[in-house]
Amino acid sequence: MLGAAQVLAGEDSAGDPAKQLKTHFAPRAKRVIHLFMNGGPFQADLFDPKPALEKYSGQRPEGADLRTERPTGGLLPSTVKFQPSGKSGVPVSELLPKLAGHIDDICVLRSLHSDNPNHGPALMQMNNGTILPSRPSMGSWFLYGLGSENQNLPGYIVLCPGRPVRFAELWTSSFLPASFQGTYVNHSDLTPGKLIPYLKNPTLDLSAQRRQLDLMLKMNALHKESRGDDQALEARMNSLETAFRMQSEANEAFDLNQESAETRAAYGEGHYANGCLLARRLVERGVRFVQLYYGNGQPWDTHSKHNESVKKLCQDIDQPTAALLGDLKSRGMLEDTLVIWGGEFGRTPTSENGDGRDHNHHGFTMWLAGGGVRGGMTYGETDEFGFRAVENKVHVHDLHATILHLLGLDHEKLTFRYGGRDYRLTDVHGRVVSEIIT
Amino acid sequence: MNRRFSFAVVLLLVGAIVGSAPPASAGDPPDAPSGTAAAIEHFEKHIRPLLHEHCYACHSGEAKTLKGGLRLDSKAAIERGGDSGPLLVPGKPDESLLIKSIRYDGQAYDMPPDGKLSDRDIAMLTDWVANGAVYPGTDAEPLPAGAEIDFEEGRKHWSFQPLVEQQLPVTAADPWVIGRTDAFILEKQRQHGLAPSPTADRTTLVRRLFFSLVGLPPTPQQIESFVEDPSPEAYDRLVEELLGSPQYGERWGRMWLDLARYTDTTESWLEQTNNAHLYRDWVVKAFNEDLPYDQFVRRQLAADQIDGLGLEELPALGFLGLSPTYFKELLLPPDIIKVIVADEWEERVDAVSRTFLGLTVACARCHDHKFDPVSTEDYHALAGVFASTKMTSRAMIPNDRYAPVAAAKAEVNKLSEQVANLKKQKPAPEEQIACLEDEIDYLKRYTPDYDTPMVSVVVDESLHVEMAGDSPQAGTKLNYRPEPQDLNIFVRGNPNKLGPVVQRRFLQVLQSPTPQRFVRGSGRAELADAIVREAGHLVARVIVNRVWMTHFGRGLVDTPSNFGRLGAKPSHPELLEDLAFRFVENGWSLKWLHREIVGSATYRQSSAAEPSKQSIDPDNRWLWRMNRKRLEVEPWRDAMLAVAGTLDLSLGGPAEAAEDATNRRRTVYAKIHRREVSKMLQLHDFPDPNLHSEQRSETTTALQGLYLLNSPLLNELGKALSERLAREVPDDPVARIKSAHRLLFGRDATDDEVRLALDYMNGSSDGGAGAAWVQYCHALLASNEFQFVD
């Protein structure tokens, strides 16, 4: 049943996510952190300045009348000012002053686009490559293709202080073996032992449990004695040992108290800051993919009081995101850690009921940093209103192809045979955006 | 034709398009060519390089995947256009799709997709069209992307052949052979230098049979009565007893529910019935009653249209009535909604074709199947059936009896709305509210059958996705109409690009000489009949293989839902033919099939691996032994509950969450939620209920290890088991340890095991009091021996 990755590696991983597999070519990134602004941020407030909005304020000139989820009115200028930042001079919003200091490590993709302006399908497309709830998520493709670097931790962890819309469908392994699914962690409560399911024994301390585990292993050894070489029996015994180690290691990995006061201060406070710091701790320990949802539900979904909300949201993400990039860099990890930032789509330059903005899948911004991506550049353009991607367009499929490429995987070769077809994360699409790779 | 000659021909044939070019006008750019030779030269010098650089990667013979059915590398191809129709109107750039697309103004496709061409390039191409779009070349068509399907040839595929009873091989005379099955197995073994393993001992056999047939462990008494029964009929009697127990249907019904992508919770935008379990219970009952498999298939597709079938059979329609549905935002224009609706129809075609036929027909939505003789017409002929079928819920009582209930429900809804509105008033008019609430109460209480269960079904109504207003911008409405519909081909799967109409009918390759058009309603009943009659041979092979796979852990065909050319070949073709043939002869009886399989000497072999045979056939492809099998999550959890003495064996009814501390029912009744599969089930390879699942993956992970070490269930059941043992064997620790082994593993403890247990107790801080026993029992439940069946 298993496809490309096993062929590549010349072995059968048999759904074991702890096994490391060979890549198609030398990887630029070994791990990925995806900062998911669920709800969808507005590109022209943050990374894609559109002065023309001022000129046409309140109007709906030709080209600014695209269909989104809900009816919208005339163009609504952004109130945000931009500063040319870093050596590169890439303009960054005044709402993100600290992040602006890292712009020379960031590649701003201004020309993302996708197929559907509803949250559910768009979340699915960003995560699973199609708008259907029945395809493996990109994280499970990563694990399927690459395995994990630390078998004492899950290889694919999804952090959210609450529950993103569509929930577990966003990290499903679908028809890939169940072991490739994401492990969801609600990090709003950081009490050790509550984060990973079944991490802590309700009654036994570790030494008592070690005794019990030894008993189990001896029982299993006696059972196996008369049954010869049976890998399935052995694998299950090993999984107990690994689980036992995971109890300590995962507790340690999720324990932010082990960080210095300076580091804690650098990231700041709040769920998102904690999430960024957790993400760093996890990838540092070999977790292949950490996805951090900004918040419960869809906080970036600013259908009303847009400006007010965006100020708060940006205040919340600016320092931790900057700290994460800085921290990775100072540890020498940014060069092989890919950081992805973005929502499931962007927002309309037109107004919804005067002070809101609707979903916009025609054109929006995401950014990448580290992991072999060129910093201090923008790629692609939207039209003069920031409504539609027009130049060097990057479809979500192209983004996925590029991410896989950076991980050393050919998106056309990473396949899995299911239902008579070889499935790919990128379906039958996808172009590696090689212009942004160093 | 040699190269030079063909070149000459090309030059001569440059024609039609050039001929229709309008004369260059005064306003033409100075470098625009007019004469033919000059036009070609201009093309080769300026236009072809442009096309080559920006378009050919997707739109030429050199494209890895041709996009949009469009080629720009031959005259004929350019004239023909692509999936979206003609590419250009020579002389009229403004009317030409090509030019509209490269202008990037949102009117067409915005090509090339990675960015707009420079103004100069756009002007160049525009002028080229304005000047007649001269393209050198012949009128010959480029080779079609795929050749026509040869259905006669296609029918020769092994799984499409009629079933024939097989000649028994000479091995049939061997004393090892019990049934026909064994003769075929032995023949293959001998061909590969192998011989059967000895028969497993009787305690192993009884445990194996219990898990195989009812998914539960035998009690020590059940083991004893079998082991000590000297009668040669003891084995067959046990098989009959198990097949007759209601737990058989629960075990095997769950196998079916994997295929049927069963869920207890349907999406919130559907009519909520909360009665999905009626389908699950129908499946369990059908297995228990040994409903002939062909009837089982027909009823799940068309129970509402089969003469003489009672309304109590309607839950069978849950196979379709509980299908996955995808969210449709009706504020969006119809072209987006049409794609979502088309995806739903594809889901039905996929689930039906793979479940019943073992064919991947959905592959043919976008193009003819690349491997199997299934055309895109075939796909749309089936999709039309589901495009004429609506998911809904209905009562299991006659319509005239339900009519007053429906009226009362409508009235209750209306009144409830009024109450809700009145409650918003300040102050709320209490008296008026009380009065309305009385009325609601009265209607609910005194309308006969008011609480009659509503069951998830399908009815024949066709879905039409239409504009809600005058323009697409006004959003979408979904119109259901009573008359069925035939679909136009969706060109490359896209419902916004329509090809010719295809009448609803069965797959051409499975019906000879040509399929009959479906004329009764949606055609569901005719489809059901065609599946079990026209394709009965295929249907029988597929189900026989699924049952075999469940017993042996591996099918005779390794791709249980793909019996097409890309599927695996059977390891034992004659055996599969023989079993499938006799399965049909024996009235499509699944219980007959179980008897054949578990009654065989093959099934009764020991699972012990002999190194010499292992080196010949490490995968046990030739079944020289039984496979050791790991229990799936359902029988594993059920077995833990059973030995702990807490299993609740009540049958049927609404589901309960697997994680509920009070849920002690069999796992087949654990709640399945498509959006949010229970963490416990998901950890243990439970399949994604959004999708037809042909086979469970079998993974071993550290997270499962954590579950074994720490989950509340293992801890609680360890406690329950230790209490049970203390109750049953109060005094003697050695006797208690032995009793535990008999209970869990169906065998006596060895001296080593007794010593291991006593050492653990004695070394415990409580010196072997209650807590140590709880930990010990927990360890027994978590052991390999408890989760594997020899």
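Notes on the structure follow. Just so it is clear, the structure is predicted and the values come from calculations on it, not from any experiment.

### Re the overall build of chain A
- Per the secondary structure count, chain A includes 12 helices and 17 strands.
- For 438 residues, the compact-globule estimate of 2.2 N^0.38 gives 22 Å, and chain A sits close to it at 23 Å.
- Based on the C-alpha atoms only, the size of chain A along its principal axes is roughly 80 × 50 × 40 Å.
- Evaluated residue by residue, chain A yields a buried proportion of 61% over its 438 residues.

### Examining the interface of chain A and chain B
- Taken together, the 67 residues of chain A in the interface contact 62 residues of chain B.
- Looking at the side of chain A that touches chain B element by element, the count peaks at 11 residues for helix H8 (residues 231-253) of chain A.
- Here the residues of the side of chain A that touches chain B are counted per class, giving 29 nonpolar, 24 polar and 14 charged.

### Side note on the pairing of strand S1 (residues 31-36) of chain A
Residues and elements named next belong to chain A.
- In terms of burial, S1 is largely enclosed, as six of its six residues are buried.
- In S1, alternate side chains face the same way, and those of Arg31, Ile33 and Leu35 on one face and Val32, His34 and Phe36 on the other are all buried.
- Bridge count between S1 and strand S8 (residues 337-342): six bridges; the pairing is parallel. Considered in S8, the bridge of Ile33 is made with Val339.
- Relative to strand S7 (residues 289-293), S1 runs parallel, the two sharing five bridges. Residue Phe36 lies in a different strand from S7, and its bridge partner there is Tyr293.

### Brief notes about the packing of helix H9 (residues 202-213) of chain B against helix H11 (residues 234-243) of chain B
Residues and elements named next belong to chain B.
- Running from N to C, H9 and H11 point in directions that differ by 25°, and their axes come no closer than 10 Å. Between H9 and H11, the crossing angle belongs to the class labelled roughly parallel. H9 and H11 meet at a crossing whose hand is right-handed. Taken together, the residues of H11 that come into contact with H9 (itself represented by Val206, Leu209, Phe210 and Leu213) are Leu238, Val239, Leu242 and Leu243.
- Along the lines of polarity and charge, the residues of the contact of H9 with H11 split into eight nonpolar, no polar and no charged.

What counts as what
- Residues numbered from 1 in each chain as written.
- Chains lettered and ligands numbered in written order.
- Predicted model: local features only at pLDDT ≥ 70, side-chain atom pairs only at ≥ 80, totals over all residues.
- Helix = DSSP H or I, 4+ residues; strand = E, 2+ residues; numbered from the N terminus.
- Rg over C-alpha atoms; globule rule 2.2 N^0.38 Å.
- Buried ≥ 20, exposed ≤ 12 C-beta atoms within 10 Å, placed from the backbone.
- Contact = placed C-beta atoms within 7 Å.
- Nonpolar A, V, L, I, M, F, W, Y, C, P; charged D, E, K, R; others polar.
- Pairing = 2+ DSSP bridges.
- Axes fitted to C-alpha atoms, helices over the stretch in contact; angles between N-to-C directions.
- Parallel < 35°, antiparallel > 145°, perpendicular 65-115°, else oblique.
- Left-handed = near helix turned anticlockwise from the far one by under 90°.

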